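The primary structure of each chain is shown beneath.
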Amino acid sequence: MKDGANQGGSSAEEIGIDEQLITEGTEQLLSEIQVLENWLKELDNSRANDTDSIAARKSYNDMLQSRREMLSSLSRRDHNLSGKTR
């Protein structure tokens, strides 16, 4: 647990792990965003307006917004970590 003994400051190793997790998380989110954008394009190209397509479109848009917010949050966290290592 990070909050315990090392609360006073972060070691270089902990920062490296945090940066690695941020990088991996960023890559995963970018991949998920691409998939969701492709699914939305497919739905738009099908021009389907049945109940299932409308629900899927809303769900995909919600997930896309959520992933973009998480990506933005990770970018801010990465920026903050980068400032600590300089």
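Scroll up to find the structure this text is about.
Reference entry: report on the structure contained in this document. Small disclaimer: the values here were computed from a predicted structure and weren't measured.

Conventions we followed
Residues numbered from 1 in each chain as written. Predicted model: local features only at pLDDT ≥ 70, side-chain atom pairs only at ≥ 80, totals over all residues. Heavy atoms only, no water. Helix = DSSP H or I, 4+ residues; strand = E, 2+ residues; numbered from the N terminus. Buried < 20%, exposed > 50% of the residue type's maximum accessible area, 1.4 Å probe, protein only. Contact = heavy atoms within 4.5 Å. Areas by Shrake-Rupley, 256 points an atom, 1.4 Å probe, with all protein chains shown as cover. Salt bridge = Lys/Arg side-chain N within 4 Å of Asp/Glu carboxyl O. Core = buried A, V, L, I, M, F, W, Y, C linked by side-chain atoms within 4.5 Å. Polar contact = N/O pair within 3.5 Å; in protein donor to acceptor, adjacent residues only side chain to side chain.

Within the protein one finds 2 helices and 0 strands. When the 86 residues of the protein are sorted by exposure, 21% land in the buried category. Looking at the protein alone, contacts between residues at least 24 apart form 70% of all its contacts between residues at least 6 apart. Only carbon and sulfur atoms are counted for the fraction: they give 49% of the accessible area of the protein, which is about 6500 Å².

Here we come to the pattern of salt bridges. This model, assessed by the stated rule, comprises 5 salt bridges. The closest approach of N and O atoms between R68 and E37, which form a salt bridge, is 2.6 Å. Placement of R68 in helix α2 (residues 51-84) and of E37 in helix α1 (residues 12-46) is noted, with a sequence separation of 31 residues between them. On the basis of relative accessibility, which here comes to 24%, the residue E37 falls in the partly exposed class.

Ranked by size, the top nonpolar core spans 10 residues in total: I15, I22, L29, I33, L36, L40, L64, L71, L74 and L81. Elements supplying a minimum of two residues to this core: α1 and α2. No other element matches the 6 residues that α1 contributes to this core.

Relative to the helices and strands, R57 is located in helix α2. We classify R57 as buried; its relative accessible area is 18%. Of the polar contacts made by the side chain of R57, one reaches the backbone oxygen of A48; its length is 3.3 Å. Not counting chain neighbours up to four residues away, the residues in contact with R57 comprise L40, L43, D44, A48 and N49.

Read these as layout, nothing more, since geometry by itself doesn't imply function.
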